[in-house]
Amino acid sequence: MTTTDTKITYYTLPLSGLSCQGCVKKVTKALEDIDGVRIEDVDTQSLSLETWGESEQYSLRQAVSAIESLGYHVGYRHHFTLSGLNCGRCVAKVEAALDEQPTVFTHAVSKTHAEVHTSLSADALIEIIHQLGYQAARASDHDANVSTDNESPAQTDARNANPETSEASEASEASEAKSSSVDNPADSSKASRQQYVLSGMTCASCVQSVENAISGVDGVANVSVNLAERSAIVKGSASSDAIVAAVANAGYGAEKVEDDNDRRERQQTQQANELKNFKRSTFAGLGLGAPLMAWGVFGGSMTIQSSQDQWAWGAIAVVTLLLLATGGRHFFANAWQALMHKRATMDTLVALGTGAAWLYSTAVVIAPALFPEQARHVYFEASAMIIGLISLGHAIEARARANTSKALDQLLDLQPPTALVIENGQETERPLDEVKQGMTLRVKPGAKVPVDGEVVDGSSYIDESMLTGEPVPVHKTAGDTLHAGTVNQKGGLTFKATGVGSDTMLARIIDLVREAQSSKPELAKLADRISAVFVPIVVAIAIVTAAIWYFIGPEPSVSYMLVTATTVLIIACPCALGLATPLSVTAAVGRAAEVGVLIRDADALQTAAKLHTLVFDKTGTLTRGQPEVTHVNAIHGDQERLMAIAASLEQHSEHPLAQAIVGYAKQQTLALPTSNDFNSESGKGIQAKIEGERYYIGNQAWMQAQGIDTDAHQTDIDAMTQRGETAIYLANADSVQALIGVSDPIRDDAIDAIARLQQQGLEVIMLSGDHPDTANAIGRQLGIDHVIAGVLPDGKSEQIQSLQQQGKCVAMVGDGINDAPALAQADVGVAMGSGSDIAIESAQITLMHQHLGALADAIGLSQAAVRNMKQNLFGAFIYNTLGIPIAAGILYPFTGMLLSPVIAGGAMALSSITVVTNANRLRFFKIKSDDK
């Protein structure tokens, strides 16, 4: 695109679908009548045109719409996966940037995906999004000038014939596209997700180094490194070999894992080896250091005063060196690796501290004459005790860290390791990874369903509480769906595998939990920024401290210099800082998963903790979503007979209210009389003859049209309206025979859940497309004062936006499908999932168990998690803020005492243990459902 002046702009647009000059003439003719557009050149491959005037952007889009209405295609359709978008404002920011581009014709943006119809290249769009501070990667390319994979050409034409496609439609289609990507194992965005088990990481600065190394690999769209689990999740098109090589070049180790079972196995092996090594180092360090310290405490000489002292302490120097080379080897090896890569880590501080103490002490042993008599003190016990205490801290920390992943392990354990496969009439037990889609399997009574499937033969009851939370087993027969991890109760079932491996519902849930546990909240980014410069600053402080004590400190200044510098290095190890947030996130997300609440990422966890307002969709969220007969007033005649007549009339209608009446008759096992001479009028009612008499069923307008008086029943009708019921009249030619109240019943737990949320200080709003009278009646029953009624689906997101403009942090609670625009606009989208793919993909939080009370639990847990993170960060910051000055000797002028390096080592280990223990408290967060 080039611009010659401020009034006229030239564009060149790629075309496809034009096969001859006849097609070119059609395009030319279609553009001739559009104001503000002049064709410069057109052929079967491209179109050059100029636009002018104040509405040139609109004119350009009119031209594109006109061409595509002919069945041809303009520009490209790019699909992107997005990251870094945390709320509806982020989505709006991206949309505004795209709207500013004249050659972006249409777009549909959510927090995780974008579909853009444009003449710009994918790289240009990625750059636009990057400049906003977000990340974008190609999910699939459509540079061949074709319609999207998820659209038929007819759908493409219909969409582009109307350039002002509603936001609701676009968001719904985006949600459907996301669901499709989950269902399709070959989807490129899903295939781009890779897991790695890492080794060699010890602190927050290591995390920063690994993330920077992986982010620098071409094709990496997003990386999340978890220090607590020594793992990484990488998204993008980069090869695993390139990622492993990048991590190795940074001085760490990485192994790609194929699935969560593989990851767990490798992590358990790694944790077992780490624990064994830490225990060995602890026993060796404390075994040597404790007797040496006891010797000094109980009056033994720690100075070199004779040749005998030299020989004795020389032997201890050798033993201590062996300890540093074995039990402390990984500290020095990791510190050397860090030095080679021009960075500093926790191991750098430990290696410098223990190494300096040993070198100084050894120098005193070898050449005591070089030191003043007061400075001939040895500190071998400090080197040994520091190694022992820090190793002890790491051992306790490693054991505690393993507990934070127990919730995910419990999910993994739901799926059995083997399956009974039926081949050629024979049953064979085979490993789960050998089961392929389309195979026929059998599940015996009492066994777990191994994969997702469809029942072919048999009948049984399945316990699906792990997915739905419903304690009552569900009856399954031929044609019904089975989910991996559910439990077969009594009968045997034969079923065909429809989802295996990573394509099962259980695997998708595990994926979601895993990604959430590896994600970082905004709070963690503060720790990352500090950790990037923390260790170099500590080393600088240690050097300054040493210089001050050497030049202006009391004698023996050399000893004081060594003690203070070593203590600063040891006490400042940033282990606690690195563990402060990831452990809290891992524990909180895992605890939430245990009770059926799936939290997509750490930002959703943090945002949920500061919510002001909850907006509930009514139908299917606060209510059951299926109308039922809730009241029958038989005016003339027997109630059962009148309801049988009503059902006979309504059985020909597909209207939800009609189906409610038919369902009532089936539930009551009523015999329906035969009806004939049937006639209906859409939106009003039905009439037919039954047993020679004409009956009418419908609304008040239908009755009045038939000349039937309804005034006498107005009091009953008003009472129904107050209860939130829709009144249906049943009449014969003379009078109204019965009044039937139909409503969508409130969920059993809705009233209690709303009360709990209000007690938490949250504003609760109900959003409904119903008539205000009906919606307000439901609101009164629920205890909701603020009801917004008569809202169409495409207006829900506008209501959310209006609340946000008032400065409120808003969560939208819906069914995850028709509420997609509002879910995307909200700061936090909450889907009532019932295990559905689309709900899991369309919201930040999914309530798998369909209990609204779980939302109150989720918000309470989010608040507890954020408090926990702040406690950990505060503790880590305060520990270092106070610990470093004390270690440097700031209290010496007032107390005459210095902090021992040994005490510093113990304090450093204790800080990490404290953070890990505090984070693990979230695993025992009290959930109200636990009491049931």
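Residues numbered from 1 in each chain as written. Predicted model: local features only at pLDDT ≥ 70, side-chain atom pairs only at ≥ 80, totals over all residues. Heavy atoms only, no water.

A few words on the environment of Val 866. Along the chain, Val 866 turns up in helix α33 (residues 853-888). The exposure class of Val 866 is buried, given its relative accessible area of 10%. Taking C-alpha positions, Val 866 is 9.3 Å from Thr 607, a pair spaced 259 residues apart along the chain. (Helix = DSSP H or I, 4+ residues; strand = E, 2+ residues; numbered from the N terminus. Buried < 20%, exposed > 50% of the residue type's maximum accessible area, 1.4 Å probe, protein only.)

This part is about the nonpolar core. Membership of the largest hydrophobic core comes to 56 residues, with the highest contact counts inside it found for Val 597, Leu 611, Leu 614, Phe 616, Leu 757 and Leu 855. Not counting residues up to four positions away in its chain, the partners in contact with Leu 757 are Leu 614, Phe 616, Leu 762, Val 764, Leu 855, Ala 856 and Ile 859. Ranked by size, the runner-up nonpolar core spans 47 residues in total, among them Ala 317, Ala 357, Tyr 379 and Leu 389. (Core = buried A, V, L, I, M, F, W, Y, C linked by side-chain atoms within 4.5 Å. Contact = heavy atoms within 4.5 Å.)

Turning our eyes to something else, we now look at helix α11 (residues 307-326). Note that an α-helix has 3.6 residues per turn; residues three or four places apart therefore point the same way. An ideal rise of 1.5 Å per residue puts 28 Å on 20 residues; α11 measures up with 29 Å between its terminal C-alpha atoms. Those residues of α11 that fall on the buried side of the exposure criterion are Trp 313, Gly 314, Ala 317, Thr 320, Leu 323 and Leu 324. (Expected span 1.5 Å × (residues − 1).)

We now examine the pairing of strand β11 (residues 220-226). The two faces of a sheet get side chains in turn, since along a regular strand they alternate between them. The buried fraction of β11 amounts to five of the seven residues, a majority that puts the element mostly inside the structure. Where β11 lies against strand β12 (residues 231-236), six bridges are found, and the strand directions are antiparallel. Among the inter-strand pairings, Asn 226 is bridged to a residue of β12, identified as Ser 231. (Pairing = 2+ DSSP bridges.)

Let us look at the packing of helix α28 (residues 750-759) against α33. Look at α28 against α33: their axes get within 8 Å of each other, and the N-to-C directions meet at 25°. Relative to α33, α28 is oriented roughly parallel. Where α28 abuts α33, its residues Ala 753, Arg 756 and Leu 757 lie against Gly 853, Leu 855, Ala 856, Asp 857 and Ile 859. (Axes fitted to C-alpha atoms, helices over the stretch in contact; angles between N-to-C directions. Parallel < 35°, antiparallel > 145°, perpendicular 65-115°, else oblique.)

Counting buried positions along strand β30 (residues 736-743) yields eight of eight residues, so the element is predominantly enclosed. Summarising the sheet, strand β25 (residues 628-634) and β30 pair through six bridges and their orientation is antiparallel. Each residue of the ladder has a partner; that of Glu 628, found in β30, is Ser 743. Here strand β29 (residues 726-732) runs beside β30; their pairing, made up of six bridges, is antiparallel. Within β30, the residue paired with Ala 731 across the bridge is Val 736. Between β29 and β30, which pair antiparallel one after the other, the connecting turn spans three residues.

This part covers the sheet that holds strand β10 (residues 194-199). Strand pairing in a sheet relies on backbone hydrogen bonds, with the paired strands running either antiparallel or parallel. The strand order across the open sheet formed by four strands is β11-β12-β10-β13, and the pairing between neighbours is antiparallel. Strands at the two margins of the open sheet, each flanked by one partner only, are β11 and β13 (253-257). Pairs of neighbouring strands in the sheet enclose a mean axial angle of 25°, with direction left out of account. Two elements, β10 and β13, share five bridges in a ladder whose sense is antiparallel. In the sheet register, Ser 199 faces β13, and the bridge partner there is Gly 253.

This part takes up the layout of surface pockets. Gaps left between atoms show up when a probe the size of a water molecule is rolled over them. By volume, the second largest pocket amounts to about 660 Å³. Lining the second largest pocket we find 28 residues, and of these Leu 657, Lys 684, Gly 698, Asn 699 and Thr 726 sit closest to its centre. For the lining of the second largest pocket, the secondary structure elements donating two or more residues are α25 (656-667), β26 (675-681), β27 (685-690), β28 (693-698), α27 (714-722), β29 and α29 (772-782). Top contributing element to the lining of the second largest pocket by residue count: β29, with four residues. Of the residues belonging to the lining of the second largest pocket, the class tally is nine nonpolar, 14 polar and five charged. (1 Å grid on protein atoms, 1.4 Å probe; cavity = no way out; pocket = protein on both sides within 12 Å on 5 of 7 lines; lining within 4 Å. Points joined across faces, edges and corners; volume = space filled by probe spheres on them. Nonpolar A, V, L, I, M, F, W, Y, C, P; charged D, E, K, R; others polar.)

Sheet architecture is open: six strands sit in the order β25-β30-β29-β28-β27-β26, paired in antiparallel fashion. Taken across any chain shown, the strands that pair with only one partner, and hence form the sheet edges, are β25 and β26. The sheet shows a mean angle of 20° between the axes of neighbouring strands, direction not considered. In this sheet, β27 lies alongside β26 in antiparallel orientation, the contact comprising five bridges. From the neighbouring strand, Ser 675 faces β27, where its bridge partner is Ile 690. In this fold α25 packs onto β25, β28, β29 and β30, with an angle of close to 75° to the strand it touches most, β25.

Moving on to the packing of α11 against helix α13 (residues 346-366). Look at α11 against α13: their axes get within 9 Å of each other, and the N-to-C directions meet at 155°. The angle between α11 and α13 falls in the class roughly antiparallel. In the packing of α11 onto α13, the handedness of the crossing is left-handed. Touching Gln 310, Trp 313, Gly 314, Ala 317, Thr 320, Leu 321 and Leu 324 of α11 are Thr 354, Trp 358, Thr 362, Val 365 and Ile 366, all from α13. Of the residues assigned to the contact of α11 with α13, the class counts are seven nonpolar, five polar and no charged. (Left-handed = near helix turned anticlockwise from the far one by under 90°.)

Here the focus is a nonpolar patch on the surface. On the surface, a nonpolar cluster with roughly 710 Å² of combined accessible area is contributed by Phe 874, Ile 878, Leu 882, Ile 886, Ile 890, Leu 891 and Phe 894. By the secondary structure assignment, Ile 890 is in the loop between α33 and α34 (892-895). (Patch = residues over 30% accessible without salt bridge, like charges linked within 9 Å, V, L, I, M, F, W, Y side chains within 5 Å. Areas by Shrake-Rupley, 256 points an atom, 1.4 Å probe, with all protein chains shown as cover. Salt bridge = Lys/Arg side-chain N within 4 Å of Asp/Glu carboxyl O.)

Right, let's get into unusual backbone geometry. When glycine is set aside, most residues are seen to have a negative phi, and most peptide bonds are trans. Of note, the bond from Glu 555 into Pro 556 is cis; its omega dihedral lies within 30 degrees of zero at -5°. Along the chain, Pro 556 falls in the loop between α18 (522-552) and α19 (557-571).

We now examine α25. Relative to the 16 Å expected for twelve residues at 1.5 Å per residue, α25 spans 16 Å between its end C-alpha atoms, a close match to the ideal helical length. For α25, every residue scored as buried is listed here: Ala 658, Ala 660, Ile 661, Val 662, Tyr 664 and Ala 665. Looking at the packing, one finds that the buried side of α25 touches β25, α24 (639-650), β28, β29 and β30. At the C-terminal side of α25, Thr 669 shows a positive phi close to 50°.

Mapping Tyr 360 onto the fold places it in helix α13. Classification of Tyr 360 as buried rests on a relative accessible area of 9%. The spacing of Tyr 360 and Arg 376 is 16 residues in sequence and 9.5 Å in space, taken between C-alpha atoms. Among the polar contacts made by the side chain of Tyr 360, one reaches the side chain of Ser 559 at a distance of 3.1 Å. (Polar contact = N/O pair within 3.5 Å; in protein donor to acceptor, adjacent residues only side chain to side chain.)

Turning our eyes to something else, we now look at the packing of aromatic side chains. Using the criterion set out here, one finds five aromatic pairs in the structure. A ring pair is formed by Trp 313 and Phe 380, whose centres lie 6.3 Å apart and whose planes are at 20°; its orientation type is stacked. Here the residue Trp 313 occupies a position in helix α11, and Phe 380 occupies one in helix α14 (residues 380-404), the gap between them amounting to 67 residues. Aromatic side chains Tyr 550 and Phe 551 sit 5.1 Å apart centroid to centroid with 85° between the ring planes, which places their arrangement in the edge-to-face category. The exposure class assigned to Phe 551 is exposed, which follows from its relative accessible area of 66%. Aromatic ring contacts, followed pair by pair, group Trp 549, Tyr 560 and Tyr 892 into a single cluster. (Phe/Tyr/Trp six-rings, centres within 6.5 Å; stacked < 30°, edge-to-face > 60°.)

A few words on the environment of Val 558. Within the secondary structure, Val 558 is located in helix α19. Taking the relative accessible area as the measure of exposure, Val 558 reaches 18% and is therefore buried. Separated by 187 residues in sequence, Val 558 and Phe 371 place their C-alpha atoms 8.4 Å apart. With sequence-adjacent residues up to four places away left out, Val 558 is seen in contact with Tyr 360, Phe 371 and Tyr 550.

On average, the protein scores 78 in pLDDT, and the residues at 70 or more come to 83%. Considering only residues more than four positions removed or in separate chains, one finds that residues 1-6, a stretch of pLDDT under 50, has eight contacts. Under a pLDDT of 50 for its full length, residues 140-191 has, in the predicted model, 96 contacts with residues more than four places off or in other chains. (pLDDT = per-residue confidence, 0-100.)

With that out of the way, let us pick up the pattern of salt bridges. As a working rule, side chains carrying opposite charge can pair if their charged atoms are close by. Across all of its chains, the model carries ten salt bridges by this definition. When the shortest N-O distance is used, the salt bridge between Glu 50 and Arg 38 registers 1.8 Å. With a gap of twelve residues between them, Glu 50 in strand β4 (residues 46-52) and Arg 38 in strand β3 (residues 37-42) connect regions that are remote in the sequence. On the basis of relative accessibility, which here comes to 3%, the residue Glu 50 falls in the buried class. Residue classification places Arg 38 among the partly exposed residues on the basis of a relative accessible area of 40%. One salt bridge connects Arg 430 with Glu 423, and the closest N-O pair in it is separated by 2.9 Å. Each of Glu 423, Arg 430 and Glu 434 takes part in a single network of salt bridges with overlapping partners.

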